[in-house]
Every structure is written in structure tokens, then in C-alpha cells.
Amino acid sequence: MRYIITTLGCKVNQYETQAMETLLRERGHEPAREGERADIVIVNSCAVTAESGRKSRQALRRLAERSPGAVRAVCGCWAQTEPGAAEALGADIVWGSGDRRGFVEAAERAVLEGVFTSSVDKPFERRVIEDLPAGAFSGHARAYLKLEDGCQNFCSYCVIPYARGRVRSLPPERAAEKAAGLAASGYRELVLTGIEIASYGADLPGTPGLAEAVETISRAAPELRLRLGSLEPTVVTEEFCARLAALGRVCGHFHLSLQSGSDGVLARMRRKYGTAEFFAVTERLRRHFPGCGLTADLIAGFPGETEAEHRETLAFLERCAFSQVHVFPYSRRPGTPAASMPGQLSAAEKARRAHEAQSVADGTRAEYLRSCVGRTLEVLFETESGGLSTGHASNYVEVSVPGTGLRGLVKNVQISGVSGEMLVGAAI
């Protein structure tokens, strides 16, 4: 059968889509070519915001129009939390955020036998992480490995614990085995991802932490450079930084889950840190990984956020000097405590605050890019076009150099300038 998959949301969803594609190909199925009708269309959905749910619905309609008569399937977090809405759209298969192998089998039965099956389980009853194939989308030089699933932080704006369940971790030895296999397949970088990897190992015997998992993986695949997914600031202790820096293979790029630069807003969000602790984390990382890139997520216009709190956030963005910030206007997500909080702001006001925050973040990014000029950065080259080779440096900034034949290679690059959002230089 021929399939089309659209993925929304986070890197974990991207990883799971890649794993499903691997499983489909192992069973003899192929992606539909451009302009070719698919036998099944699949949306791997996201539910982190109300807007994510809207995009999931839109994606299913678009795919169904492209392949009339195809089996329509929805899986992922939105399908897990709102299965009735997915069914109302006419989805033939509605699957949750677990048992991806079962989903692939259900998709195959639907197309080949005309048997439609849906399955949405109770995520809090899950006890073991699903062991899925690690790897990358076809042609990519960077691979992904999901170390952890689930979250038990229960932030007031977030529905993900109800979509994913509690923390479940891949044992370090199994993660190392997968990493070694990816290195043997020719990958040069491995992204270690999860829904909340800071809580890695809390469910395993002996409660090994994230640093131990990274060390085990590094020993098994020393040729891979390792990149960490989004981190809760609470895990970034002095010991954590020292252990990772000692490996010499951990990329100098760290994505920190900030959400607000105001202590009052952070408290209402039920975050487990304040701005003083967060700023100490940025200093700690920069001390152990000089010149590293620090990126963050920010929610603008949270319920009850005053103008003064918004200004506190703008000042905090300046102080942290992030290399990039993803700014999102607050999206009211039904089923979360924040959705019923007083002080809901208008869409226009949230957009204004998001714009102001993004402007500050754009300024700190420009300063960071300028600070990279004159440095030598390690770059994994991924694409070639117009006589140029482009890839991502260890700090996750895009870098372009003259020449071809570098795809899939890691090279040191002497940075000579900035071109828009990209660094330029010459491979050494």
C-alpha cells in the first residue's frame, strides 16, 4: 500500500513518525510519490495548544482531498485527548499516543482487508516505554533516539500529561545499543529526545539520571556527537554540566523550557523554578560549554499576566541573551486549569506581547550570531545547493560554506560572517 504521513508538533512526534515509516517499509509499504494517490493518509497529531488541534483537523481534511477514497487515520496526542472530534471528521482509524506498532498493523488491515479499528487507551496505565526503531527520515544525516515518554509536571497550561501518561524511560543499556547501531549505519549526530527528558530514569531500577544515560550512550558510540532535546532547568545542576562537558561529544546547544520571565507568571503556570534559578542555569551552561547556544520557549499573554509582568519577561530575555527564542501567544487549551483562570487576555493583546517578546529575542539572536564571527565551529553538513554546502554547527546555528561533496560529513569551519539568519565561512 502507499501512504502519506503529516506530522505536527514536537521532535518526539517527528521521531515516532520516522519509526512508523520504518515499520511500514519493513512490511513492504511505500510512501506515495508526488501527485500519486495514497491508499491511506495519516496525521500524527499534536494537542499542546488549541491551535495544534485546529491544525490537526485541517491536515486531515487536506490529505483527504489530495487522495479521495483513501483510508483516513489520525494518531497522536490530539487523537488521544479528543477522539470524538477525530471521529466527527470522518477518520476511519482513531489511535492514541501509544502502541505505534499496533497502529501500523491497524492501518494495514484497514487498507488490505477493509477492517477499521480504533484504539485510545488510558495513558496513566502505561508502565513501560514502547521500544520503537531509532533512526532518521530518509536522506538525513542526523538521527533521533527517544529516551523517555510521559510527563508528570502538570503545568497549569498543559494537557500533555493526560495525553502521554507518566514518565517511562528506555534503559541506558538499550539506548546505548540503539546508538551504536545508528553510528554503524553512518549517522554522525544523535538527538536524544523525549517528552520530558529531565525526568529520565525516575521509573527505572536505581533511578539512573539523564547524565548517566548520556555517558552510557557516549561510551557505546564515541563517534557520534550528541544533542539533547528540551530540558527542564531543574536538571541542569553543576554535576550534570560537568559530567556532560567531560564527554567532549555533547553539542554546545541547550534548549531550555522557560515559558515566562516573571516569577509571578511562573508560579501561576506551576513551573518548578523561578527566574533566579533559571538565570543561574544559563551561567552554569556557559561556564562549562563556552560560546554555547541557548534557546528557549516562551508563552506570551498568559492569563492574568499584567503589563508589569510582561515587561519583566522582556527584561529577562535581554538578560539571558538567548541565541533563539520560540515565542507563542498563549493558546487557551480546554481541560487545563489555565483555561478557566481569570484575566484571559484578548487575541490582539496576546499578539502584541508576543511581537514585542520576539523583537527582543531577534535582537539577542543577532548579537549571538555576530559573536560567532572569528570562531571555529564543528558543522554537520546536510544539504547542497548552488555550489554551497549547508549544515548545523554544534551550537545549532546554520552554517554555509562554498563547495560540495560535504554532505553527511562533520568539518571544522572558520566563521567569517553573518548572512541573514545563517553563518558563513570556510571549511578547514
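For the structure itself, consult the block above.
For clarity, every value in this text was computed on a predicted model and none was experimentally measured.

Caption draft 1: Quick look at the environment of Ile129. Within the secondary structure, Ile129 sits in the loop between helix H5 (100-113) and strand S6 (142-149). Spatially, the C-alpha atoms of Ile129 and Arg168 are 5.2 Å apart, while their sequence positions differ by 39 residues. Ignoring anything within four residues of it in the chain, the contact list for Ile129 reads Lys146, Leu147, Glu148, Asp149, Arg168, Ser169 and Leu170.

Caption draft 2: Spotlight on the pattern of salt bridges. As enumerated under the stated definition, the model contains 38 salt bridges in all. For Glu51, the salt bridge is made with Arg54, and the minimal N-O distance between the two is 2.6 Å. Taken together, the residues span about one helical turn, with Glu51 and Arg54 both in helix H2 (residues 50-66) at a distance of three residues. Given a relative accessible area of 32%, Glu51 falls into the partly exposed group. For Asp121, the salt bridge is made with Arg126, and the minimal N-O distance between the two is 2.7 Å. Looking at Arg126, the relative accessible area reads 11%, which means it is buried. Overlapping salt bridges, with partners in common, bring together Arg142, Glu189, Arg225, Arg227, Arg249, Glu378 and Glu382 in one network.

Caption draft 3: Looking closely at unusual backbone geometry. At Arg270, a position not held by glycine, the phi torsion is positive, near 65°. Here Arg270 lies in the loop between helix H10 (263-269) and helix H11 (275-288). On the basis of relative accessibility, which here comes to 44%, the residue Arg270 falls in the partly exposed class. The phi dihedral of Ala321 falls on the positive side, at around 50°, and the residue is not glycine. Turning to its location among the elements, Ala321 is positioned in the loop between helix H12 (307-320) and strand S12 (324-329).

Caption draft 4: Spotlight on the sheet that holds strand S3 (residues 40-45). With parallel pairing, five strands are arranged side by side in an open sheet as S2-S1-S3-S4-S5. In this open sheet, the two edge strands, each paired with only one partner strand, are strand S2 (30-31) and strand S5 (93-94). Alignment of strand S1 (residues 2-7) against S2, held across two bridges, turns out to be parallel. Residue pairing in the sheet places Tyr3 in a bridge with Pro31 of S2. Strands S1, S2, S3 and strand S4 (71-76) of the sheet are contacted by helix H1 (residues 11-26), whose axis makes an angle of about 170° with S1. Lying over the sheet, H2 contacts S1, S3 and S4, oriented at roughly 170° with respect to S3.

Caption draft 5: Representation of the side chain of Lys350. In this fold, Lys350 is placed in helix H13 (residues 347-372). Put simply, Lys350 is tucked away with no salt bridge, and the nearest opposite charge, on Glu51, sits 10 Å away. A polar contact of 3.0 Å, which involves the side chain of Lys350, links it to the backbone oxygen of Tyr330. In contact with Lys350, other than residues within four places in its own chain, are Ala300, Gly301, Pro329, Tyr330 and Leu345.

Caption draft 6: Structural detail: the nonpolar core. With 114 residues, the main nonpolar core has Leu190 and Leu231 as its most contacted residues. Beyond its immediate sequence surroundings of up to four residues, Leu190 is in contact with Ala143, Tyr144, Leu145, Ala179, Leu182, Ile217, Leu224, Arg225, Leu226 and Arg227. Within the second largest apolar cluster, 14 residues are counted, among which are Cys372, Ala393, Val397 and Val413.

Caption draft 7: Examining helix H8 (residues 210-220) more closely. Within H8, eight of the 11 residues are buried, which leaves it mostly tucked inside the rest of the structure. Residues of H8 that are buried include every one of Leu210, Ala211, Ala213, Val214, Glu215, Thr216, Ile217 and Ser218, and no others. Against S6, helix H7 (172-184), strand S8 (189-194), strand S9 (225-228) and helix H9 (238-247) lie the buried residues of H8.

Caption draft 8: View of the sheet that holds strand S13 (residues 376-385). With mixed pairing, five strands are arranged side by side around a closed barrel as S13-S14-S15-S17-S16. Going from strand to strand, the sheet's axes swing by 50° on average, the running direction of each strand aside. Taken together, the six bridges between strand S16 (residues 410-419) and strand S17 (residues 422-427) define a ladder with antiparallel strand orientation. Its bridge partner lying in S17, Gln414 is registered against Ala426.

Caption draft 9: Representation of the packing of H8 against H9 in the model. Running from amino to carboxyl end, H8 crosses H9 at an angle of 10°, the nearest separation of the two axes being 10 Å. Put simply, H8 runs roughly parallel to H9. Of H9, the residues touching H8 (which contributes Leu210, Ala211, Glu212, Val214, Glu215 and Ser218) are Phe240, Arg243, Leu244 and Leu247. Looking at side-chain class alone, the contact of H8 with H9 contains six nonpolar, one polar and three charged residues.

Caption draft 10: Just the pairing of S1, in detail. Traced from S1 through H1 to S2, the parallel crossover comes out right-handed. Across five bridges, S1 lies against S3 in parallel orientation. Among the inter-strand pairings, Tyr3 is bridged to a residue of S3, identified as Ile40.

Calculation notes
- Position labels on residues start from 1 in each chain and follow its written sequence.
- In view of the model being predicted, local features appear only for residues whose pLDDT reaches at least 70, and side-chain atom pairs are presented and counted only at 80 or more, with totals across whole chains, interfaces and linings using the full set of residues.
- By convention in this description, side-chain values take in all heavy atoms of the structure and omit both hydrogens and water.
- Numbered from the N terminus, helices here are DSSP runs of H or I no shorter than four residues, and strands are runs of E no shorter than two.
- Contacts were defined at the residue level, with two residues in contact if any of their heavy atoms lie within 4.5 Å.
- Any carboxyl oxygen of Asp or Glu within 4 Å of a side-chain nitrogen of Lys or Arg constitutes a salt bridge here.
- Three labels apply to residues, based on accessible area from a 1.4 Å probe with only protein chains included: buried if under 20% of the type maximum, exposed if over 50%, partly exposed otherwise in between.
- In this scheme, strands are said to pair when DSSP sees at least two bridges between them.
- Every angle, taken between N-to-C directions, lies between 0 and 180 degrees, and every axis is a line fitted to C-alpha atoms, over only the stretch in contact when it is a helix.
- When charges are counted, Lys and Arg are positive and Asp and Glu negative, with His and the chain ends excluded.
- Here a polar contact is recorded for every N or O atom pair within 3.5 Å, except that within protein the pair must consist of a potential hydrogen donor and a potential acceptor, and residues adjacent in sequence are included only if both atoms are side-chain atoms.
- By convention a nonpolar core is built from buried Ala, Val, Leu, Ile, Met, Phe, Trp, Tyr and Cys residues, the set being connected through side-chain atoms within 4.5 Å.
- Roughly parallel here means an angle under 35 degrees, roughly antiparallel means over 145, roughly perpendicular means 65 to 115, and every remaining angle is called oblique.
- In the scheme used here, Gly and all other residues not listed as nonpolar or charged are polar, with Ala, Val, Leu, Ile, Met, Phe, Trp, Tyr, Cys and Pro taken as nonpolar and Asp, Glu, Lys and Arg as charged.
- Seen with its strands pointing away from the viewer, a crossover is right-handed when the path leading from the first strand over the helix to the second is clockwise.

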